[in-house]
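# Report on the structure
Read off the chains here:
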Amino acid sequence: MSAALTARERMLGRLRAAAPSMPEAVDVIDTAIDQHYLARRAQAPLSPRGRIAALQAALQAAHAEVDCVRGDAWPALLAQRLEAHGARRVLLDIGSAEGQALRAALPDGVEALSFDRPLVQWKGELFDTVDAGFTVARSGIAASGTLVIAPDAATPRTVSLAPPLHICLVYASTLHADLHAAARAERWADGMPSNLVLVSGPSKTSDIQQTLAYGAHGPRWLWVLIVDDLPAREGGQP
């Protein structure tokens, strides 16, 4: 016991004797962080189309299904896949351009629903009968295969969380190389969004035996549509 106390006193004595250091100014830390990521991106630059490939590869590695399509092709492709999947009710924002395009393409056997009621009024219906939720990502992060989603009143967090299938559309022009580039380009420091959701694959969990299970705490499947809206002349520029 005395030896332990002595060791403790020696440690505390060294801490008390150490001269306090002045913290670095925030702008100095920010500059160092910026320089680190700029140097790292300079070593392995990604062109806009390179970001598409990196995002797709990372998402597929996390067991998401990913398609890269032109802007006028995705509604028909998605409608066909939903019908083949056996989906009958799809939750989407019918006020958005993307929601309207998807609703117009859906076959007669697939119903489009909007989130137009308080959750408490239709929670049972939502969890028991809605097969898929459709969202449009604010942006994407190529390095980690991450979709940045900003929930709102028409597309709350529930849309990407409750249905067993989450479908997310992301535009290639919104892709960033990494999280640092996303935060800088979208100016998060000027006013951090109050509710950003970062999605990097379907919901998964593992028990102590390391058995991986999908869909335990969210969607079992994640489908991602990368809409290639890049001008041809910009496709190869870093």
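Refer to the preceding data block for the structure.
For the structure given in this document, a descriptive report is provided here. Sequence order as written defines the numbering, with residues in each chain counted from 1. Only residues with pLDDT of at least 70 are given local features in this predicted model, and only at 80 or more are side-chain atom pairs given and counted; all residues enter the totals for whole chains, interfaces and linings. For the side-chain quantities, the full set of heavy atoms in the structure was used; hydrogens and water were omitted.

## A look at the side chain of R89
Tracing the backbone through its elements, the reader meets R89 in strand β2 (residues 89–91). Within polar-contact distance, the side chain of R89 engages the side chain of E125 at 3.0 Å. Whether two residues touch is decided by their heavy atoms; if any such pair falls within 4.5 Å, the residues are in contact. Residues contacting R89, with those up to four places away along its chain left out, are E111, L113, E125, T129, V130, D131 and A132. Starting at the N terminus, helices and strands are each numbered in turn, a helix being any DSSP run of H or I of at least four residues and a strand any DSSP run of E of at least two. Counting of polar contacts relies on pairs of N or O atoms within 3.5 Å, with two restrictions inside protein: one atom must be capable of donating a hydrogen and the other of accepting it, and residues adjacent in sequence are counted only when both atoms are side-chain atoms.

## Comments concerning the pairing of strand β7 (residues 165–171)
Consecutive residues of a regular strand have side chains that alternate between opposite faces of the sheet. Burial classes follow relative accessibility: with a 1.4 Å probe on protein chains only, a residue under 20% of its type's maximum area counts as buried, one over 50% as exposed, and anything between as partly exposed. By the criterion of burial, β7 is predominantly enclosed, with six of the seven residues buried. Strand pairing follows a simple DSSP-based rule, namely that at least 2 bridges must link the two strands. Judged from the five bridges that link them, strand β4 (residues 132–136) and β7 form a sheet pairing that is parallel. The partner of T135 across the bridge, within β7, is C168. As defined by bridge partners, β7 adjoins strand β12 (residues 221–228) across seven bridges and the pair is classed as parallel. The residue bridging H166 from the neighbouring strand is L222, located in β12.

## Quick notes on the pattern of salt bridges
One speaks of a salt bridge when a side-chain nitrogen belonging to Lys or Arg is within 4 Å of a carboxyl oxygen belonging to Asp or Glu. Applying the stated criterion across every chain, the model contains 13 salt bridges. D34 is the salt-bridge partner of R184, the closest N and O atoms lying 2.9 Å from each other. One end of the pair, R184, is in helix α8 (residues 179–185); the other, D34, is in helix α2 (residues 26–43), with 150 residues separating them in the sequence. Residue class for R184 comes out partly exposed when judged on its relative accessible area of 39%. Salt-bridge contacts for E186 lead to R138; the nearest nitrogen and oxygen are separated by 2.7 Å. With E186 in the loop between α8 and β9 (197–199) and R138 in the loop between β4 and β5 (139–141), this residue pair connects regions lying 48 residues apart in the sequence. One network of salt bridges, in which partners are shared, links R89, E111, D116, R117 and E125.

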